[in-house]
Amino acid sequence: MIRVLVVDDSAVIRTLLKRSLAKDPRIEIVGEAYDGEGAIEQNRLLKPDVITMDIYMPVMDGIEATKRIMQESPAAIMIFSTEDSARMGYAALEAGAVDMLKKPDLTHFSPDFYRSFIERIVAVTERGHKSPVFAKRVGGFSPFAKPAGAPVVSKIALPVAKGDRDILVIGASTGGPVAVQQVLSGIGRDFPYPILITQHIDSSFDGHYASWLSDTTGMKVTLAQDKGRLVPGTVYVAPANYHLVLGSRTSAGYTTRLVDEPPINYLKPAVDYLFKSAAQVAGSHCIAVLLTGMGRDGAAGCADIHKNGGFTIAEAEETCVVFGMPKAAIDLGAASSVLPLYDIAPYVRKMAGLN
């Protein structure tokens, strides 16, 4: 059973969530709290696997409660956010929350919402809340800290010559925002290729996501545009409700397209749209990175890039919040390399001829 603690200052929201989640035989509601201090106390007493956490609450907000919980007794925290509080939601992810969901209003607790919500609860608990991804270190929560004595990535021999690549594509889902942030921070502002990202994201959060990445990584990050021309060193994020694809490759560089096609496996944007277009347009010039996420999105695209001579990196299980997407690519034989998150940026920089 997945033990869930519901935290929200609205009694109505708490009741709706408890009644709906309790219908799933895999889930047990073990308690509730109406503010951050109550969440900390209930987590200490009940040891839940998952905490659903509101942001705006009396006494103590969801961000501070998340920090305290991750320092004292880590659990998988899922943040509920509105468009107005999206920036605070990303701060909660930095504090250690594993996922952020768009908080529906009282009239939109739809079956689709609960289906997605329960799938995400199950996904983040498959490895257990004591997984290494919830490890702590002095100074605060860090799921991606490189262990002492781990091999130095610069000693890994690269299978390609410098300069063979000229574009980087990244796909991510559950646990992805902070994973992408870590990769971009490590890649740095001097990176010579354009970077395209498809992150599974709730509608209305996309602009906030791009701004947050820009502010926290030091890189120029923007939402991708239809028929846009790519600039080296700039990061382009797929907007919500559109598939991002690589449009063309000319002597002047790459272009993008936004495609309004049906979702793939309920996903729009989908990583496979981006990766498959990169395989066709960029071929051997492409580096692809598939990060944490549930399901199989991106695996088939990785296979196409791999077959066309591109280089594919799948995040290793040890740092994934959810190992689904990278595992699917690995199982297909579509990963040129499998690396923990903390080694991905140094590896990509070395492929680009950087220190």
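Above this text is the structure in question.
Because the structure is predicted, anything quoted here is derived from the model rather than measured. (Residues numbered from 1 in each chain as written. Predicted model: local features only at pLDDT ≥ 70, side-chain atom pairs only at ≥ 80, totals over all residues. Heavy atoms only, no water.)

(A) Here's a closer look at the packing of aromatic side chains. Here the structure, examined in full by the defined rule, presents 6 aromatic pairs. An aromatic cluster is defined as three or more aromatic residues linked by ring pairs; in this entry it consists of Tyr-90, Tyr-209 and Trp-212. Above the plane of the ring of Tyr-266 lies Arg-115, whose end atom (NZ or CZ) is 4.0 Å from the centre. (Phe/Tyr/Trp six-rings, centres within 6.5 Å; stacked < 30°, edge-to-face > 60°. Lys NZ or Arg CZ within 6 Å of the ring centre and 35° of its normal.)

(B) Highlighting the pattern of salt bridges. Under the counting rule described, the total for this entry stands at 16 salt bridges. The closest approach of N and O atoms between Asp-8 and Lys-103, which form a salt bridge, is 2.8 Å. Note that Asp-8 is positioned in the loop between strand E1 (2-7) and helix H1 (11-21) and Lys-103 in the loop between strand E5 (99-102) and helix H5 (111-125), a separation of 95 residues in sequence. Using a relative accessible area of 1% as the deciding quantity, one classes Asp-8 as buried. Note that Asp-331 is salt-bridged to Lys-327, the shortest N-O span being 2.8 Å. In this pair, Asp-331 and Lys-327 are both assigned in helix H10 (residues 324-331), 4 residues apart and thus about one turn of the helix distant. (Salt bridge = Lys/Arg side-chain N within 4 Å of Asp/Glu carboxyl O. Helix = DSSP H or I, 4+ residues; strand = E, 2+ residues; numbered from the N terminus. Buried < 20%, exposed > 50% of the residue type's maximum accessible area, 1.4 Å probe, protein only.)

(C) A look at the packing of helix H4 (residues 86-95) against helix H7 (residues 206-217). Where H4 contacts H7, the axes come no closer than 10 Å and their chain directions differ by 50 degrees. Comparing the axis directions of H4 and H7 gives the class oblique. The handedness of the crossing between H4 and H7 is right-handed. Contacts between H4 and H7 involve Ala-86, Arg-87, Tyr-90 and Glu-94 from the first element and His-208, Tyr-209, Ser-211, Trp-212, Asp-215 and Thr-216 from the second. (Axes fitted to C-alpha atoms, helices over the stretch in contact; angles between N-to-C directions. Parallel < 35°, antiparallel > 145°, perpendicular 65-115°, else oblique. Left-handed = near helix turned anticlockwise from the far one by under 90°. Contact = heavy atoms within 4.5 Å.)

(D) Representation of H1 within the structure. Regarding H1, the residues found buried are Ile-13, Arg-14, Leu-17, Ser-20 and Leu-21. Buried residues in H1, looked at end-on, bunch into an arc of 145 degrees, giving them a common side. Buried residues in H1 make contact with E1, strand E2 (27-33), strand E3 (50-53), strand E4 (76-81) and H5. (Arc of directions from axis to C-beta.)

(E) Structural context of the sheet that holds E4. Here we have 5 strands laid out as an open sheet, ordered E2-E1-E3-E4-E5, and parallel in their pairing. Each having just a single partner strand, E2 and E5 make up the two edges of the open sheet. The sheet shows a mean angle of 25 degrees between the axes of neighbouring strands, direction not considered. Here E3 pairs with E4 via 4 bridges, running parallel. Bridge assignment links Met-53 to a residue of E4, and that residue is Ile-79. Against the sheet, H1 contacts E1, E2, E3 and E4, and its axis sits at roughly 165 degrees relative to E2. H5 rests against E1, E2, E3, E4 and E5 of the sheet, and its axis sits at about 155 degrees to E4. (Pairing = 2+ DSSP bridges.)

(F) Seen up close, the side chain of Asp-99. You can see Asp-99 is positioned in strand E5. A distance of 2.8 Å separates polar atoms of two side chains, one belonging to Asp-99 and the other to Arg-120. Discounting residues that sit within four places of it in the chain, Asp-99 has contacts with Ile-77, Met-78, Ile-79, Leu-93, Arg-120 and Thr-174. (Polar contact = N/O pair within 3.5 Å; in protein donor to acceptor, adjacent residues only side chain to side chain.)

(G) Region of interest: the sheet that holds strand E15 (residues 311-315). Taken together, the 7 strands give an open sheet; going across it, the order is E10-E11-E9-E8-E14-E15-E16, and neighbouring strands pair in parallel fashion. Single-partner strands in this sheet number two, and they are strand E10 (220-223) and strand E16 (337-339). Shown here is a sheet whose adjacent strand axes are inclined to one another by a mean of 20 degrees, direction ignored. As paired strands, strand E9 (residues 195-199) and strand E11 (residues 234-237) are joined by 3 bridges and run parallel to one another. Its bridge partner being in E11, Leu-196 is matched across the sheet by Tyr-236.

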